[in-house]
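# Survey of secondary and tertiary structure
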Amino acid sequence: MASLGDLERVVMDHLWSADGPLAATDLRDALADRGLALTTVHTVLGRLQQKGFVTHDEARPRRFRPTAGRAEHAAGLMHEVLGQAADRQAVLARFVGSVDAEEAALLRRLLDGPAPGVGSPPPA
Amino acid sequence: MLPATAAALAVLAALLAWPVPALLGRARWPRRDPLAALVCWQAIGLAGGLSIIGALLVHGLAPWGHSLPEATWHVLTGEPATGEVRGDHWVTLTLAGALAAELLGVLALSWWRTARTRRRHRALLEVVVRPAAAVPDARLLDTPAPVAFCIPGARPLLVLSAGMVAELDDAQLAAVVAHERAHLREHHHLYLLPFVAWEAALPVLPAAARAHAAVRTLVEMRADDVALAAVPGPDPRRTLARAIVAAGASGGGGVPTGALAAGGGAVTARVRRLLGPAAPLPPAVRAAVLAAAGLLLAVPTALLLLPAVA
């Protein structure tokens, strides 16, 4: 049994690659190999809606579509996780730094410089 | 009465609040042995809190006994004070309680808020990321900015951006992943937790901010050191340095500025350190450093538990 998190990802993959909005039954049929009950599909859609990934229209049955593309969500999330307002502790370990243009030039000179251990005196 | 003990603890607290962090922050040896330096910072934080609260407590409880355990026991069992209880005793006791509550409360609050933020980030990220073909335990985030980060916790999440994968060659990517894995394996978020909390709790104390910045840089250096062992190729140091520069000096590439907390200075220090490594600390020096850290914890503990020296 896949976790709800896995199912959320699979459902979003389907919604992102679909041509238009999908009803819950469409998703159940598309995921027939997983043997999901319709209630499970609705649970997953409800969670995705709560997280802001999907929205639905007022047709009967309701049809669901992504609120934005995968790339938009990815960019938004990166800003939320690494952004100014983010809790600095939550994602402590990031391979991100930033340097201004002058420092970047200095670093590139260092990288193209002599072999390690030779020269490149430490900063004062 | 315990005036000498209280005074000794107060002196220790003052030393740990200002000159000791300033010295360690300026010292050059920590980048030669980030792990030993991290141990020192933890000892300074713990001993500082212990000695300031201890000094207040010892002074406040002086009328009730000749040592802290004895006085505490007398208060708990309702025995009357043997000495005169003055206003300053009540003031220091109140301060001790307030400070202890603030430090521990902020620590607990910081822990809880961080855990909640991480859960939320993980829940959102898990919907968007895809498995990274090249790295089984990493997930790919579809965004052009070159970033890599990990969300620590019971189910850690190691995320690479598509931009990072595109920007780096295989060896550099392996270096980035090894760096993040080192953070997760050594639980670096736990080293940082008290310093994040205490910087929030003590905004008036410059040493708190300095300690936080130093610890943040040291965990990055430590992760660099651990990562080097897993970096392929003839020159792991240069490979890792190139990866750092690619991530840090790509002109932003849409990376939010808040992510730059570690700051340019720290990035440059890491790259310099990789390209021109200093010799590791000699074993005897390392042992002395670790012994000093142990002593730093032992002294206030002993002062608190042993009978007064005066």
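Just so you know, the residues in each chain are numbered from 1, in the order the chain's sequence is written. Chain letters start at A and ligand numbers start at 1, both assigned in the order the entries are written. Only residues with pLDDT of 70 or above have their local features reported here, since the model is predicted, and side-chain atom pairs are shown and tallied only from 80 upward, although totals for entire chains, interfaces and linings are computed over all residues.

- An unreviewed UniProt entry annotates chain B as Peptidase family M48 of Trujillonella endophytica.

- Chain A has a UniProt comment under Sequence similarities (unreviewed entry) that states "Belongs to the BlaI transcriptional regulatory family." UniProt positions are given in the numbering used here, feature names are shortened, and annotations may be inferred rather than shown by experiment.

## Some points on the overall build of chain B
- The helix and strand inventory of chain B stands at 12 helices and four strands.
- Along the first, second and third principal axes, the C-alpha set of chain B runs to 75 × 45 × 30 Å.
- The contact criterion used is a C-beta to C-beta distance within 7 Å, with each C-beta placed from the backbone. Across chain B, every contact between residues at least 6 apart in sequence was considered, and the portion connecting residues at least 24 apart equals 72%. Only DSSP runs of H or I covering at least 4 residues are called helices, and only runs of E covering at least 2 are called strands; the numbering of each starts at the N terminus.

## Details of the UniProt feature "domain: Peptidase M48" (unreviewed entry) in chain B
- Using the residue numbers shown here, the UniProt feature "domain: Peptidase M48" (unreviewed entry) corresponds to residues 116-194 of chain B.
- The distance from the first to the last C-alpha atom of residues 116-194 of chain B is 17 Å, and the span holds 53% helix and 19% strand.

## With respect to the nonpolar core
- A set of buried Ala, Val, Leu, Ile, Met, Phe, Trp, Tyr and Cys residues, joined through C-beta atoms within 7 Å, is what we mean by a nonpolar core. To sort residues by exposure, count the other C-beta atoms lying within 10 Å of each residue's C-beta; 20 or more gives buried, 12 or fewer gives exposed, and values between give partly exposed, all with C-beta atoms placed from the backbone. Met78 of chain A together with Val159, Val215 and Val271 of chain B are the most contacted members of the largest nonpolar core, which has 112 residues in total.
- Counting residues per element, this core draws most heavily on helix α3 (residues 34-61) of chain B, at 16 residues.
- Domain assignment of the residues forming this core places at least three in each of domain 1 (4-66) and domain 2 (70-112) of chain A.
- Look past the residues within four positions of valine 159 of chain B in its chain and what remains in contact with it is Leu125, Val129, Arg139, Leu141, Ala148, Phe149 and Cys150 of chain B. Those domain boundaries reflect an automatic or database domain assignment.

## As for the UniProt feature "transmembrane region" (unreviewed entry) in chain B
All names here are of chain B.
- In this structure's numbering, the residues bearing the UniProt feature "transmembrane region" (unreviewed entry) are residues 6-24, 36-58, 90-112, 243-267 and 287-309.
- When the span residues 6-24 is considered, its composition is 95% helix and 0% strand, and the gap between its end C-alpha atoms is 25 Å.
- Helix makes up 100% of residues 36-58 and strand makes up 0%, while its end C-alpha atoms are separated by 31 Å.

## Digging into the confidence of the model for chain B
All names here are of chain B.
- For every residue, the predictor states its confidence as a pLDDT score lying anywhere from 0 to 100. In this model, chain B carries an average pLDDT of 87, and 92% of its residues clear a pLDDT of 70 or more.
- Contacts for the low-pLDDT stretch residues 256-263, under 50 throughout, to residues beyond four places or in other chains number 22 contacts.
- Per the prediction output, this complex has pTM 0.84; the corresponding ipTM is 0.78.

## Quick look at helix α4 (residues 70-82) of chain A
- To estimate how far a helix should extend, the number of its residues minus one is multiplied by 1.5 Å. With 13 residues, α4 of chain A should reach 18 Å at 1.5 Å per residue; the first-to-last C-alpha distance of 18 Å fits that figure.
- Taken as a whole, α4 of chain A has its buried residues at Arg70, His73, Ala74, Ala75, Leu77, Met78, Val81 and Leu82 of chain A.

## Describing the sheet that holds strand β2 (residues 54-56) of chain A
Residue and element names in this part refer to chain A.
- By the convention used here, strands pair only if DSSP detects at least 2 bridges between them. Strand order in the open sheet formed by three strands is β1-β3-β2, with antiparallel pairing between adjacent strands. On the outer flanks of this sheet lie β1 (22-23) and β2, each paired with one strand and no other.
- Note on geometry: axes are C-alpha line fits, over the in-contact stretch for helices, and angles between N-to-C directions span 0 to 180 degrees. Running over the sheet, helix α1 (residues 4-17) touches β1, β2 and β3 (63-66) and is turned about 90° from β3.

## Quick word on the pairing of strand β4 (residues 157-161) of chain B
All names here are of chain B.
- When you tally the buried positions in β4, you get five out of five residues, the bulk of the element.
- Burial along β4 is two-sided: the residues Leu157, Val159 and Ser161 and Leu158 and Leu160 are all buried.
- In the sheet, strand β3 (residues 148-151) pairs with β4 via four bridges, with the strands oriented antiparallel. Along β4, the bridge assignment pairs isoleucine 151 with leucine 157.
- In this antiparallel pair of consecutive strands, β3 and β4, the connection spans five residues, and glycine 153 shows a positive phi of 145°.

## Let's talk about unusual backbone geometry
- Omega for the peptide link from arginine 60 of chain A to proline 61 of chain A comes to -5°, which places this bond in the cis form.
- When you line up the elements, proline 61 of chain A lands in the loop between β2 and β3.
- Backbone geometry at histidine 187 of chain B places phi at a positive 55°, although glycine is not the residue there.
- Mapped onto the secondary structure, histidine 187 of chain B falls in the loop between α7 (170-185) and α8 (188-201).

## A word on the packing of α8 of chain B against helix α9 (residues 206-228) of chain B
Residues and elements named next belong to chain B.
- Remark: α8 packs on α9, axes separated minimally by 8 Å, with the N-to-C direction vectors making an angle of 165°. By the angle between their directions, the pair α8 and α9 is classed as roughly antiparallel. Helix-helix and strand crossings are classified by hand; for α8 and α9 the assignment is left-handed. Between α8 and α9, the contacting residues are His188, Tyr191, Leu192, Phe195, Val196, Trp198 and Glu199 on the first element and Ala208, Ala209, Ala211, His212, Val215, Arg216, Val219 and Ala223 on the second.
- Partitioned by chemical class, the residues of the contact of α8 with α9 number 11 nonpolar, two polar and two charged. The cut-offs work like this: below 35 degrees is roughly parallel, past 145 is roughly antiparallel, 65 to 115 is roughly perpendicular, and the gaps in between are oblique. Note on convention: the crossing is left-handed when the near helix lies turned anticlockwise from the far helix by less than a right angle, right-handed when the turn is clockwise. Polar here means any residue outside two lists: the nonpolar Ala, Val, Leu, Ile, Met, Phe, Trp, Tyr, Cys and Pro, and the charged Asp, Glu, Lys and Arg; Gly therefore counts as polar.

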